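Residues per chain are reported as follows:
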Amino acid sequence: MSTWLTSGARPVGALLAGALGTWAGVRAALVIGALLLTVPLLVLALSPLRGLWQMPGAPPEREEPAPAEELPRPGPPPQVPAPGAAAAADIRRESSLDGGAT
């Protein structure tokens, strides 16, 4: 929202500055613009923010995580059969593939 307001105010400020420069002259418009830039400085200098040393409503302190000894240990990994060569009984030879030599 603040970005939208800031970006939306730029064209309006440019139009007002152009109108002021046309009406009062370029030097007068620059002097008035420089004086207007001191307004936010004065507002912040006179506000209670100057005496603020800590952010109000600081978040509560985080709890420390439990040590590793107190955490539950995971179980053993599931047993998955490893891929390997087929058993000798599963291998069949056909005489047409080996040239008829057996």
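Parameters and conventions
Residues numbered from 1 in each chain as written. Predicted model: local features only at pLDDT ≥ 70, side-chain atom pairs only at ≥ 80, totals over all residues. Heavy atoms only, no water. Helix = DSSP H or I, 4+ residues; strand = E, 2+ residues; numbered from the N terminus. Buried < 20%, exposed > 50% of the residue type's maximum accessible area, 1.4 Å probe, protein only. Areas by Shrake-Rupley, 256 points an atom, 1.4 Å probe, with all protein chains shown as cover. Polar contact = N/O pair within 3.5 Å; in protein donor to acceptor, adjacent residues only side chain to side chain. Expected span 1.5 Å × (residues − 1). 1 Å grid on protein atoms, 1.4 Å probe; cavity = no way out; pocket = protein on both sides within 12 Å on 5 of 7 lines; lining within 4 Å. Points joined across faces, edges and corners; volume = space filled by probe spheres on them. Nonpolar A, V, L, I, M, F, W, Y, C, P; charged D, E, K, R; others polar.

Peer 1: With reference to specific residues and values, describe the overall build of the chain.
Peer 2: Across its full length, the chain carries 2 helices and 0 strands. The burial tally for the chain puts 3% of its 102 residues in the buried class. Summing over all exposed atoms, the chain offers an accessible surface of approximately 10400 Å²; the carbon and sulfur share of this is 66%.

Peer 1: Outline the side chain of Ser-47, supporting the account with residue identities and numerical values.
Peer 2: Here Ser-47 shows up in the segment after α2 (26–46). A polar side-chain atom of Ser-47 sits 3.0 Å from the main-chain carbonyl oxygen of Leu-44.

Peer 1: I'd like a description of α2, backed by residues and values.
Peer 2: With 21 residues, α2 should reach 30 Å at 1.5 Å per residue; the first-to-last C-alpha distance of 31 Å fits that figure. The element α2 is largely exposed, with a buried count of 1 among its 21 residues.

Peer 1: Talk me through the layout of surface pockets; I want residue IDs and the actual numbers.
Peer 2: Of the volumes computed, that of the largest pocket is approximately 220 Å³. Gly-13, Leu-16, Ala-17, Leu-20, Ala-29, Ile-32, Gly-33, Leu-36 and Leu-37 are the residues that line the largest pocket. Residue assignment for the lining of the largest pocket shows that the elements contributing at least two residues are α1 (2–24) and α2. The element best represented in the lining of the largest pocket is α2, accounting for 5 residues. Taken together, the residues of the lining of the largest pocket break down into 7 nonpolar, 2 polar and no charged.

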